[in-house]
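Per-entry structural report
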Amino acid sequence: MTQTSETAAAVEPPASGRTPHRTRVHRAWFVAAVTFVTIIGAAAFRSVPGLFIDPLHDEFGWSRGTIGAAVSVNLALYGLTAPFAAALMDRYGIRRVVAAALTVIALGSGLTVWMTAAWQLILCWGLLVGLGSGSMALAFAATVTNRWFTERRGLVTGILTAAAASGQLIFLPVLSWIVATHDWRPAAVTVALAALAVVPFVWLLLHDHPADVGQKPYGSQEFVPKPAPVPGAARRTLTVLSSAVRTGPFWLLAGSFAICGASTNGLIQTHFVPASHDHGMPITTAASLLAVIGVFDVVGTVASGWFTDRYDSRRLLAVYYALRGVSLLFLPMLLAPGVHPPMVFFIVFYGLDWVATVPPTLALCREHYGDDSAIVFGWVLASHQVGAAVVAFAGGVARDAFGSYDVVWYGSGALCAAAALMALVIRRRAVTAGPVAGV
């Protein structure tokens, strides 16, 4: 923050009369850092589904389709909760919603250690953790970015999106070791404790709006007063959806992002470990490869945010989806008992492309839907998770029916080609601050 902008902020104090803080580093970056750590904590449970499929199948005799159904409920609720969570943050504040969500994640994960029936798996793993993690979804990152930044939004979006991958990187090797050495129950408890550990940081450090600390959003030339709480969160969420579905870009973004979810969370994150184990690869080795995907996901997503600030988001999406589809077509030939160079290349490449789609997708939502972009992106994210849920379930059914995952790899590769075409036909629109109803 420059001296000129600091002086301007001092001339225009917030309505509360609070004197702006003079800091060398803008407070927005500290809020982004807390958000990053928070998403890492929530991402712990996102690392678990693929690790639990075989242990739950062995202990309870549940089919992979049944376990996949619980994962599907989790993924679907993760997406469907996101747009309502964005509206709730406008009504009650980011801090309250996120702290409650982390507590629900911890409750759901902790209760799984006492389950004895499949419906309990769906209740704990699917319903509770799905609702909690949905409130911690990328709509949370979109809300923080929209409130605290007017410049570097693409970069910040990439960094916050990479937080989920960082959580995978941190927790996957640890959780896979716990599952292989002890049992799946200690791993579930570890996830619950990780989610609870983040709650104090959120409550103490995550400010809702720049006006709370007397600052302008990063890059803004004017002070932005904190808006009044928006009542009727559910009604507003549905109203925004009702307006958005009347526009072509929404369906193209939602459709392509559904394929994104199908080919990442639904396919690789859920089924890569058991598929690799089918080919003789140890679970810990396969989980470590997923963790490596997390390493390069961070690099790819941050780079994608940088590209999004500079290049056409539609073309970026087309390239990302096309390359992902090609890589999936080769995967069945790469699975083997050991790790060889072609598999390492796949892991690195897929990691770079994993959620590189998020910054350009969010940028297009912001371009077309202005002030309602966080809620619209929440609905687009819902489609992402519905796509993930369908493939998480279908992958388990395909494995039970055909004895392998090959048909799922090939089908997902073809879908990625369709997503690339969908991205290219999205029309351009000048950035607007108006609501979606005006589109």
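The name given to the protein in an unreviewed UniProt entry is MFS transporter, and the organism recorded there is Streptomyces pilosus. The Subcellular location (unreviewed entry) comment attached to the protein in UniProt states, word for word, "Cell membrane".

Some remarks on the packing of aromatic side chains
By the definition in use, this model includes eleven aromatic pairs. Between Y405 and W409 the ring centres are 6.1 Å apart and the planes differ by 40 degrees, which places this aromatic pair in the tilted class. W409 sits in the buried class, given a relative accessible area of 0%. In this structure an aromatic cluster arises from ring pairing among F52, F60, W62 and W184. When the ring centre of W203 is taken as origin, the NZ or CZ atom of R95, which lies over that ring, is 5.4 Å away.

A look at helix α18 (residues 406-424)
The first and last C-alpha atoms of α18 sit 28 Å apart over 19 residues, in line with the 27 Å expected at 1.5 Å per residue. Every buried residue of α18 is accounted for by V408, W409, S412, G413, C416, A419, A420 and A423. The buried residues of α18 all sit within an arc of 135 degrees when viewed along its axis, so they share a single face. Residues of α18 that are buried sit in contact with α11 (248-263), α12 (265-278), α14 (313-334) and α17 (373-402).

A few points about the state of the cysteines
Two cysteines form a disulfide when their sulfur atoms are joined by a covalent bond. Scanning the model with the defined rule gives zero disulfides in all. Cysteine C260 remains unbridged, with the sulfur of C416 as its closest cysteine sulfur at 8.0 Å. On the basis of relative accessibility, which here comes to 0%, the residue C260 falls in the buried class. By relative accessible area, C416 is classed as buried at 0%.

Topic: the pattern of salt bridges
According to the stated counting rule, one finds six salt bridges in the structure shown. Of the charged contacts, one joins D278 and R399 as a salt bridge, the two residues approaching to 2.6 Å between their closest N and O atoms. With D278 in helix α12 and R399 in helix α17, this pair connects stretches of sequence that are 121 residues apart. Salt bridges sharing common partners tie together E59, D183 and R185.

As for the packing of helix α4 (residues 64-92) against α17
Contact geometry for α4 and α17: axes closest at 7 Å, N-to-C directions at 180 degrees. Between α4 and α17, the angle falls in the class roughly antiparallel. A per-class count over the contact of α4 with α17 returns 21 nonpolar, seven polar and three charged.

Considering the side chain of T81
When you line up the elements, T81 lands in helix α4. Judged by its relative accessible area of 13%, T81 is buried. Among the polar contacts listed, one links the side chain of T81 to the backbone oxygen of L77, at a separation of 2.7 Å. Once residues lying within four places of it in the same chain are set aside, the contact partners of T81 are G130, L131, G134 and S135.

Notes on a nonpolar patch on the surface
A cluster of nonpolar side chains, namely V326, L329, F330, M333 and Y410, defines an oily patch on the protein surface of about 510 Å² accessible area. Counting residues per element, the nonpolar patch draws most heavily on α14, which supplies four residues. Its location among the elements puts F330 in helix α14. For F330, a relative accessible area of 49% corresponds to the partly exposed category.

What about the packing of α14 against helix α15 (residues 341-353)?
In contact at an axis separation of 10 Å, α14 and α15 are set at 155 degrees when each is read in the N-to-C sense. The angle between the axes of α14 and α15 places the two elements in the roughly antiparallel class. Every pair of crossing elements has a handedness; the one defined by α14 and α15 is left-handed. For the pair α14 and α15, the contacting residues are Y320, L323, R324, S327, L328, L331 and L334 in the first and P342, M343, F346, F349, Y350 and D353 in the second. For the contact of α14 with α15, the per-class residue count stands at ten nonpolar, one polar and two charged.

Rules used in this analysis
- Residues numbered from 1 in each chain as written.
- Predicted model: local features only at pLDDT ≥ 70, side-chain atom pairs only at ≥ 80, totals over all residues.
- Heavy atoms only, no water.
- UniProt positions renumbered as here; feature names shortened; annotations may be inferred.
- Phe/Tyr/Trp six-rings, centres within 6.5 Å; stacked < 30°, edge-to-face > 60°.
- Buried < 20%, exposed > 50% of the residue type's maximum accessible area, 1.4 Å probe, protein only.
- Lys NZ or Arg CZ within 6 Å of the ring centre and 35° of its normal.
- Helix = DSSP H or I, 4+ residues; strand = E, 2+ residues; numbered from the N terminus.
- Expected span 1.5 Å × (residues − 1).
- Arc of directions from axis to C-beta.
- Contact = heavy atoms within 4.5 Å.
- Disulfide = S-S within 2.5 Å.
- Salt bridge = Lys/Arg side-chain N within 4 Å of Asp/Glu carboxyl O.
- Axes fitted to C-alpha atoms, helices over the stretch in contact; angles between N-to-C directions.
- Parallel < 35°, antiparallel > 145°, perpendicular 65-115°, else oblique.
- Nonpolar A, V, L, I, M, F, W, Y, C, P; charged D, E, K, R; others polar.
- Polar contact = N/O pair within 3.5 Å; in protein donor to acceptor, adjacent residues only side chain to side chain.
- Patch = residues over 30% accessible without salt bridge, like charges linked within 9 Å, V, L, I, M, F, W, Y side chains within 5 Å.
- Areas by Shrake-Rupley, 256 points an atom, 1.4 Å probe, with all protein chains shown as cover.
- Left-handed = near helix turned anticlockwise from the far one by under 90°.

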